[in-house]
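Single-letter residue listing:
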Amino acid sequence: MFRPMDQYDLIIVGGGISGLTLAARAAYGNRLSSLVLEKEQRLGGCLHTWRVEPGFWVELGAHTAYNSYKNLLQLLQERRGLDDLVERRKLGYRYLDGTRLQSPLARLNWFELLLNLPIGLARARKTAASLAEYYGALFGRGNYARLLSPAFAAVLSQPADGFPAQWLFRRKPRMKSAPRKYTWVSGLQGLAEAIAEGAPFEVSSGAAVTSVKRVADGYELTTDSRRLRCRYLAVATSADVAAHLLIQAHPEIATRLSTIPMAEIESMAVVVPAQRVRLPEVAGLIGVDDAFYSVVSRDPLPHPRLRGFTFHFRPRRLDTDSKLERICAVLGIRPDDIAAWREVQNRLPAPKVEHVALMAEIDALISGKTVFLTGNYFHGLSIGDCADRSTREALRLLKTHEHKEKHHA
Ligand SMILES: Cc1cc2nc3c(=O)[nH]c(=O)nc-3n(C[C@H](O)[C@H](O)[C@H](O)COP(=O)(O)OP(=O)(O)OC[C@H]3O[C@@H](n4cnc5c(N)ncnc54)[C@H](O)[C@@H]3O)c2cc1C
């Protein structure tokens, strides 16, 4: 049964960090009536915190935010201050090569580095280069394969050699009043929830948008139970979902979005009594030719009784039992030591060098239109990149609105 048609100035599809940042920025700057529609019951998307017991949670998706995420921090500061940011304790990452734990330095060939670095610094350019091309030129091919290729795959949760080099390690101003590396007091999902709490926009969760069509002065959206109209539409889902939703309303944009490849990640988190685990304290592990890209530990946020680990597995390699077996081997525990575990599917865009030009083309296509696009496929995958993109799209939206109002008056 459909409820009568609801009308908003702005509807945002997707309640991840991109959608919520855009909603907050568009709502605070103006008097637009706005609604965020989120498919899941919870907000946050890739900010997905498994709250195991009061005071102990494990991240199933993103785990760390940085003080270079300035647009995000500014928004939080305006909304509710930065008191609920929690600093992450400094701990190192180790490589796991078979059964051997290694420090990054143990995998570096200094001779090869010194041979390559001077020429690499003079010649290598990030623009139009892949991670393998750029960092291979700086560090040497052998160093790249041993040290950097597994580390980039761990950071990006996907095979990353062809990833655009300009998307990683951009120099950005830091907000010095925030910790360098932090999370939120209730986990990173809490950060998304904090943006939505008491905000001047509505949120409807458990509301998957199934179709979008253009109508006289805007768009009509359909969910399982509602039909809604808006003047401005913002799509803040993954690129493939955005492509699917926009196929009728903006086929030229949808066709391009549909070419963006996606990476699947099979994530499994375990909670174990601290005294059972033989693995020393680490921030995480980098898998070398392993079934997983990375293991993210919650050791940077210590707990007196429990330790938590999320293994980000390569897709379709292991079934659930084999994953648990591998986890036990890595942590040095027995299956009955696992107090609780949880499995989720994560997805991320898997861009290659040519993706940068595609995004410029999509930006040119949406320019001047009343559709707004944001997400982790525009300038980078990080939470900070998403907040930057959303802040810019919100600004474009407000300018478009101002222009339309002036024209109308
Ligand atoms: C395993 C993993 C680890 C990561 N670690 C870090 C990290 O440590 N630090 C960092 O900065 N970044 C990290 N990232 C990247 C970062 O978390 C994501 O890129 C970012 O959170 C994406 O936000 P988003 O809002 O663009 O997309 P999403 O988080 O994917 O949100 C999109 C939302 O749209 C909703 N949606 C989809 N379809 C519909 C529909 N039809 N109708 C309504 N709603 C819909 C989804 O349910 C979802 O909530 C990590 C990502 C992953 C997967």
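Located above this text is the structure these notes cover.
Described below are features of the structure shown in this document. (Residues numbered from 1 in each chain as written. Predicted model: local features only at pLDDT ≥ 70, side-chain atom pairs only at ≥ 80, totals over all residues. Heavy atoms only, no water.)

A short note on the overall build of the protein chain
Phase 1: Within the protein chain, the secondary structure is distributed over 11 helices and 19 strands.
Phase 2: Radius of gyration (C-alpha) of the protein chain: 22 Å, near the 22 Å computed for a compact globule of 409 residues.
Phase 3: When the backbone C-alpha atoms are referred to their principal axes, the protein chain occupies close to 70 × 55 × 40 Å.
Phase 4: Taking all 409 residues of the protein chain together, 55% fall into the buried category.
Phase 5: Long-range pairs, those at least 24 residues apart, make up 74% of the contacts in the protein chain with a sequence separation of at least 6.
Phase 6: When the accessible surface of the protein chain is summed, it comes to about 18700 Å², and 53% of that surface belongs to carbon and sulfur atoms. (Helix = DSSP H or I, 4+ residues; strand = E, 2+ residues; numbered from the N terminus. Rg over C-alpha atoms; globule rule 2.2 N^0.38 Å. Buried < 20%, exposed > 50% of the residue type's maximum accessible area, 1.4 Å probe, protein only. Contact = heavy atoms within 4.5 Å. Areas by Shrake-Rupley, 256 points an atom, 1.4 Å probe, with all protein chains shown as cover.)

Digging into the sheet that holds strand E17 (residues 306–313)
The pairing of strands in a sheet comes from backbone hydrogen bonds and takes either a parallel or an antiparallel form.
Phase 1: Taken in spatial order, the 7 strands line up as E8-E7-E15-E16-E17-E14-E18 in an open sheet, and their pairing is mixed. Of all the strands in the sheet, the pair left with one neighbour each is strand E8 (100–102) and strand E18 (340–349). Going across the sheet, the axis of each strand differs from the next one's by a mean of 25°, ignoring polarity.
Phase 2: As paired strands, strand E14 (residues 262–273) and E17 are joined by 8 bridges and run antiparallel to one another. If you follow serine 267 over to E17, its bridge partner there is histidine 312.
Phase 3: Sitting on the sheet, helix H9 (residues 320–331) touches strand E7 (93–97), E14, strand E15 (284–288), strand E16 (292–297), E17 and E18, and the angle it makes with E14 is about 55°. (Pairing = 2+ DSSP bridges. Axes fitted to C-alpha atoms, helices over the stretch in contact; angles between N-to-C directions.)

Quick notes on the pattern of salt bridges
Phase 1: Considering all chains together, one arrives at 28 salt bridges under this definition.
Phase 2: Taking the shortest distance from any N to any O, the salt bridge between glutamate 405 and arginine 231 comes out at 3.4 Å. Residue glutamate 405 is located in helix H11 (residues 383–408), and its partner arginine 231 is located in strand E13 (residues 227–235); the two are separated by 174 residues in the primary sequence.
Phase 3: For arginine 326, the salt bridge identified is with aspartate 290, shortest N-O distance 2.8 Å. With arginine 326 in helix H9 and aspartate 290 in the loop between E15 and E16, this residue pair connects regions lying 36 residues apart in the sequence.
Phase 4: The partly exposed category is assigned to arginine 326, whose relative accessible area is 21%.
Phase 5: Look at the salt bridges and you will find they share partners, linking Arg170, Lys172, Asp385 and Asp388 into a network. (Salt bridge = Lys/Arg side-chain N within 4 Å of Asp/Glu carboxyl O.)

Focus on the sheet that holds strand E6 (residues 85–87)
Phase 1: One open sheet holds the 3 strands; their spatial order is E5-E9-E6, and the pairing between them is antiparallel. The open sheet terminates on both sides in strands that have one partner only, identified here as strand E5 (65–66) and E6.
Phase 2: Here helix H2 (residues 70–80) sits on the sheet in contact with E5, E6 and strand E9 (181–184), set at roughly 45° to E9.
Phase 3: In the packing of helix H6 (residues 188–196) onto the sheet, the strands contacted are E5 and E9, and the crossing angle to E9 comes to about 65°.

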